[in-house]
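# Residue-level structure breakdown
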Amino acid sequence: MSLPGTATRRPVAVAMLFLAILLLGAISYVRLPIDLLPDVSYPRLVIYTSYPDVAPAEIERLVSERVESEAAAVPGVERVTSVSREGVSLVTLQFAWGSDMDFAMLNVRERMDNLREALPESATRPRILRVDPESEPIMAISVTSGGDLWNTKELAETVFRRRLEQLDGVAQAAVSGGLDREIQVEVNPRLMEAYGLTLAQVGEALDRANVSAPGGTIRQGRYRYPLRTVGEFQTVEEIGDVVLARQAQGGVGGAGAPGGGEEDAAFRLIRLRDVATVVDGYAERETIAEYNGAEAVGVLVFKESGANTVGVARAVDDVLEQLRVEYPDVELVVATSQADFISEAISNVVSALVMGGILAFLVLFLFLRDSRYPFAIAAAIPISVVATFALMEAFGVSLNIMSLGGLALGVGMLVDNSIVVLENIFRHREEGMDGVLAAARGAEEVQGAITASTLTTISVFGPIIYVEGVAGELFADLSLAVAF
């Protein structure tokens, strides 16, 4: 009993089967992530260690070589390279393609924790950085207001960033540009010398005066309450009142010394304001954000791995609309967004796919001179595409340029097979055979040929998934989409 014969004798069962396939495909389509390119995860980790104010030779001997020897023992590492610069050590670990990078990162972190005691005390803890194209921000938002840059950045840090990071799919919202507040102590060298003080004494005095530490516990009934000793600065003026030293009245810096301080019977208190000026200013700027030629504060939005870029961007846009209503004096503008480019690129591919189907329909209509047959093929195209969505979700393939290109190729080959079957059915119909019998007979005669042709196509595209490197990561989605 052949498949075409069974299908023509059981039209209701076949219709129910295809309705179930369409339902599964439609559900999968809604859940499929949309991105520009497939998820390309480079099997590479970078270990960053800072050792300030140390020459490259010492960095290599004291940091890089030790990190290299420890990292080389991590399972799966194929190559280890390092770059030693002034104050910085960068060790790069190359893994085999297909390695589980999350597991590899845990192994490397465990090794670096064991190495911490062997590194110099002033060296920072090794940081493990992952080389990932998805680490790029998907959106850049410009924040401007009538106030100064410091207030604008403070608002972006305390309100906008937190609101965006609460969204599903948003991994981080980083604020760049603007001004950072910094309390600067500008010491007068001449006054320091006159009072016999050093910079080390000033630093130690500030550290002692700005302390918050545990203060034990007290017990009241059956409850025990923790105590804290709060000694942190609350205002800028308090910094100037810090006592640096006590000097005898007859010593250096007596009553006639500049910047006179408080006096008692035997000693004179030398305070910070006597030898320095405390300025409530801004830190040295490392980043500047501009939009349309005017300085602004930037908010960079990063998505979680595997999240739908277009969906995350839409959720961010909704939050920005709410913030514009709540803060009418602040102008929030989306400077760049990957979602717009992705939507436009995918829309172009979909348009090309639809246009190809329409052209195939017109060509068939011109050759067969009967609209029923082209409509039969036109019905097979969307059913096959929707069914492919279910398999794409099962195998973790996203909707991107490569997978949609595979769909376009698959549709073209599907039309070729459909034309072969339809032409044979058309020949039997012209010989006077009944329509249902002609459909079954015509499909039976060529089912071996089109099956072999389809398997040949799959055998050509299937092995692409075993290609290693960036090419394999990119074209795997295309080959799977064609096969599905």
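Below you will find a few notes about this structure. Keep in mind it's a predicted model, so treat the numbers as computed, not measured.

## Re the overall build of the protein
Secondary structure summary: the protein contains 15 helices and 15 strands in total. Here the C-alpha radius of gyration of the protein, 35 Å, is well above what a compact globule of 484 residues would show, namely 23 Å. Counting only C-alpha atoms, the protein reaches 130 × 60 × 55 Å along its principal axes. Within the protein, the fraction of its 484 residues that count as buried is 36%. Here the protein has roughly 27,800 Å² of accessible surface; of this, 57% comes from carbon and sulfur atoms.

## With respect to a nonpolar patch on the surface
A cluster of nonpolar residues, V350, V354, M355, I358, L359 and L362, forms a patch on the protein surface that exposes about 500 Å² of accessible area. For L362, the location among the structural elements is in helix α11 (residues 338–368).

## Quick look at the packing of aromatic side chains
Counted according to the given criterion, the structure contains three aromatic pairs. Measuring from centroid to centroid gives 5.1 Å for Y29 and F389, while their planes differ by 35 degrees, and the two rings are tilted. Of this pair, Y29 sits in helix α2 (residues 11–31) while F389 sits in helix α12 (residues 372–394), and the two are 360 residues apart along the sequence. Here Y29 falls in the partly exposed class, since its relative accessible area comes to 44%. Given the relative accessible area of 9%, F389 is considered buried. Pairing F160 with Y327 gives two aromatic rings, centres 5.6 Å apart and planes at 80 degrees, and the pair type is edge-to-face.

## Side note on helix α14 (residues 435–461)
In this model α14 runs 36 Å from its N-terminal to its C-terminal C-alpha over 27 residues, within 8% of the 39 Å that 1.5 Å per residue would give. At Q447, α14 shows its maximal kink, close to 50 degrees. Regarding α14, the residues found buried are A438, A440, G442, A443, V446, I450, T457 and F461. Considering only its buried residues, α14 is in contact with α1 (3–9), α13 (401–430) and α15 (470–483). The opening residue of α14 is D434, an N-cap whose side-chain oxygen sits 3.3 Å from the backbone nitrogen of V436.

## Re the pattern of salt bridges
Under the counting rule described, the total for this entry stands at 13 salt bridges. Note that E70 and R111 form a salt bridge whose closest N and O atoms lie 3.6 Å from each other. Of the two residues, E70 sits in helix α3 (residues 56–71) while R111 sits in helix α4 (residues 101–115), which places them 41 residues apart along the sequence. A salt bridge links R273 to D241; the nearest nitrogen and oxygen atoms lie 2.1 Å apart. In this pair, R273 sits in helix α9 (residues 272–275) while D241 sits in the loop between α8 (236–240) and β10 (243–248), placing the two residues 32 residues apart along the sequence. We classify R273 as partly exposed; its relative accessible area is 44%. Judged by relative accessible area, D241 falls into the partly exposed class, the value being 36%.

About the criteria used
- Residues numbered from 1 in each chain as written.
- Predicted model: local features only at pLDDT ≥ 70, side-chain atom pairs only at ≥ 80, totals over all residues.
- Heavy atoms only, no water.
- Helix = DSSP H or I, 4+ residues; strand = E, 2+ residues; numbered from the N terminus.
- Rg over C-alpha atoms; globule rule 2.2 N^0.38 Å.
- Buried < 20%, exposed > 50% of the residue type's maximum accessible area, 1.4 Å probe, protein only.
- Areas by Shrake-Rupley, 256 points an atom, 1.4 Å probe, with all protein chains shown as cover.
- Patch = residues over 30% accessible without salt bridge, like charges linked within 9 Å, V, L, I, M, F, W, Y side chains within 5 Å.
- Salt bridge = Lys/Arg side-chain N within 4 Å of Asp/Glu carboxyl O.
- Phe/Tyr/Trp six-rings, centres within 6.5 Å; stacked < 30°, edge-to-face > 60°.
- Expected span 1.5 Å × (residues − 1).
- Bend = angle between axes of the 7 residues up to and from the residue.
- Contact = heavy atoms within 4.5 Å.
- Polar contact = N/O pair within 3.5 Å; in protein donor to acceptor, adjacent residues only side chain to side chain.

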